[in-house]
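Summary of structural features
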Amino acid sequence: MKTLRLFLLLLSVALLTQCSSGKKALEHGDYYTAVIKSVNRLRQNPKHKKSKETLELAYPYALKHFEDEASRLLLSNDKFKYCEALEQFDKINQMYEDIRRAPGALVVIPNPKEYYGKVGELTQLAALERYNAGMDALSRNTRLDAKEAYYYFKEAQEYVSDFRDVQSKIDEALYKATLKVVVEQIPVPMAYALSSDFFQDQVESYLHDNYYRNQFVHFYTNGESINENDVDQYMRLAFDDFVVGQTFTSQKSEVLSRDSVIVGQVTLEDGTVLDAYNTVTATFNTWHKETVSQGLLRMEIFDANSNATLRHEKFDGRFVWVSDWGNYNGDERALSSEQLAVCNQSEAMPPPPQALFIEF
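Thresholds applied
- Residues numbered from 1 in each chain as written.
- Predicted model: local features only at pLDDT ≥ 70, side-chain atom pairs only at ≥ 80, totals over all residues.
- Heavy atoms only, no water.
- Helix = DSSP H or I, 4+ residues; strand = E, 2+ residues; numbered from the N terminus.
- Rg over C-alpha atoms; globule rule 2.2 N^0.38 Å.
- Buried < 20%, exposed > 50% of the residue type's maximum accessible area, 1.4 Å probe, protein only.
- Contact = heavy atoms within 4.5 Å.
- Lys, Arg positive; Asp, Glu negative; His and termini not counted.
- Charge placed at Lys NZ, Arg CZ, Asp CG, Glu CD.
- Core = buried A, V, L, I, M, F, W, Y, C linked by side-chain atoms within 4.5 Å.
- Pairing = 2+ DSSP bridges.

Topic: the overall build of the protein chain
Summing up its helical and strand segments, the protein chain has 11 helices and five strands in all. Rg of the C-alpha trace for the protein chain: 41 Å, well past the compact-globule value of 21 Å for 360 residues, more than 25% over. Across its three principal directions, the C-alpha atoms of the protein chain cover 120 × 80 × 30 Å. With 360 residues in all, the protein chain has 36% of them scored as buried. Across the protein chain, the fraction of contacts at a sequence separation of at least 24, relative to all contacts at a separation of at least 6, is 67%. The positive charge centre, built from 39 side chains, and the negative charge centre, built from 52, are 16 Å apart in the protein chain.

Points about the nonpolar core
Judged by nonpolar contacts, the single largest core of 32 residues is most densely connected at Val35, Val39, Leu55, Tyr59, Phe89, Met95 and Ala105. Where this core is concerned, the elements lending two or more residues are α1 (2–27), α2 (31–44), α3 (49–74), α4 (81–100) and α6 (116–139). With eight residues, α3 is the largest single contributor of residues to this core. Setting aside residues up to four positions removed in sequence, Ala105 forms contacts with Val39, Leu42, Leu55 and Ile99. Listed in part, the 20 residues of the second largest apolar core include Val181, Val183, Val203 and Phe360.

So, the pairing of strand β1 (residues 179–183)
Burial of β1 is extensive: five of the five residues sit out of reach of the surface. Taking every second residue as pointing to the same face, both faces of β1 are buried, with Leu179, Val181 and Val183 on one and Lys180 and Val182 on the other. Summarising the sheet, β1 and strand β2 (residues 217–220) pair through four bridges and their orientation is parallel. The partner of Leu179 across the bridge, within β2, is Val217. Here β1 pairs with strand β3 (residues 233–267) via three bridges, running parallel.

Shape descriptors only; they carry no functional weight alone.
What follows is the structure in C-alpha cells.
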C-alpha cells in the first residue's frame, strides 16, 4: 500500500509538472515552446484549462515574433538571410501542423497561420545562397576552403536535391578537400617478395579500415592511380633491418630421483610377500631451439611539394618459433608426466622463411 501511495504521489507530481511546463515557458518569454507544450497537453486532454489559457496567450506572440524576424532578415544584408528566414517560417508551419492535429487546440486557435507558399519560394533562394557560398569558398583554392565549400554544397542539395550542378560541385569540393596520401610499395629482398605482398595488403587493409570514416583523407595504395600533381603527401615504409630464421639452440642435463618407488618384492620366512621400495634415478636431457625473426620498420611521411618530413616513426617486430625435445637414461619413473611428454617430442623443423617473415 505504501508503495502504491508513493507511485501515485510521483505520478501526480509528474502530471503537475507537465501541466505547468507550457505556462513556465510562457512566463520566460519562450512563446514557441509554450505553444508546442500546451498543444501536446491538449492533444492528451482537450479540456485542459491551463493549457488552453497558455496557448491563447502564447500563440499570437510566437506568430508575431517569427513573422517580424523573417521580415527583418529579408530586408537585411545577412549572408544567409533566406536560409534564416526560412527557419522562421518553418517554425510557424510547425505550430500550424501541431494545432491542426489537436482538436482541443483548434478550439482555441481555429485558424492557425501557415506559410507553405512562402517556404517554396524561399527554399530555392536558400539553395542558391548556399550554392553561391560554396562557389566562393571553392574559388579560394585551398583544401580547408574546399572542405567548407563541400558542406555548403551539401546544404544546398538538402534544400533542393537537383539544384543546378550541385552534385558535381559536391564531388569536386570533396576531391579538393581530401588529403591525398600515396603509400609507396615496401621494398624487400626478392626472397621475401611473396610475404612482402601479404604485408603490404595488411598495411593497406589497416589504413582503409581505420580511416574510412574520415572522408577527407584518402590513402592511395598499390593499383590506385592519381595525378602526381594532386598528391599531398607520400608515406614511405621500409625495413631498416631485419633477420629471418636466426637459430639458437641450448641443451641441459639434470639427474632426477624419486623416493619410495616400488622396485620389487620381498618374501618373508612365513611366506608373506611385501613390496620393496627404493630410490630411482634418471638423467634427463633437454634441448631448446629458438628460431628468431625480427626487424625494424621505418615509416616516414613527406610533403609532396617540399619533400619535408612531416612524421617519422619506427616500429619493431619480433617472432620466436620454439621447439623443445628430450630423452632420458635410467628409470623413467624418476620423471614427471610433463618431462616424459618432452621426451616423446623430437626436434622439429622451423616454418619456411616466408612464413617467419609474415609472422614477425
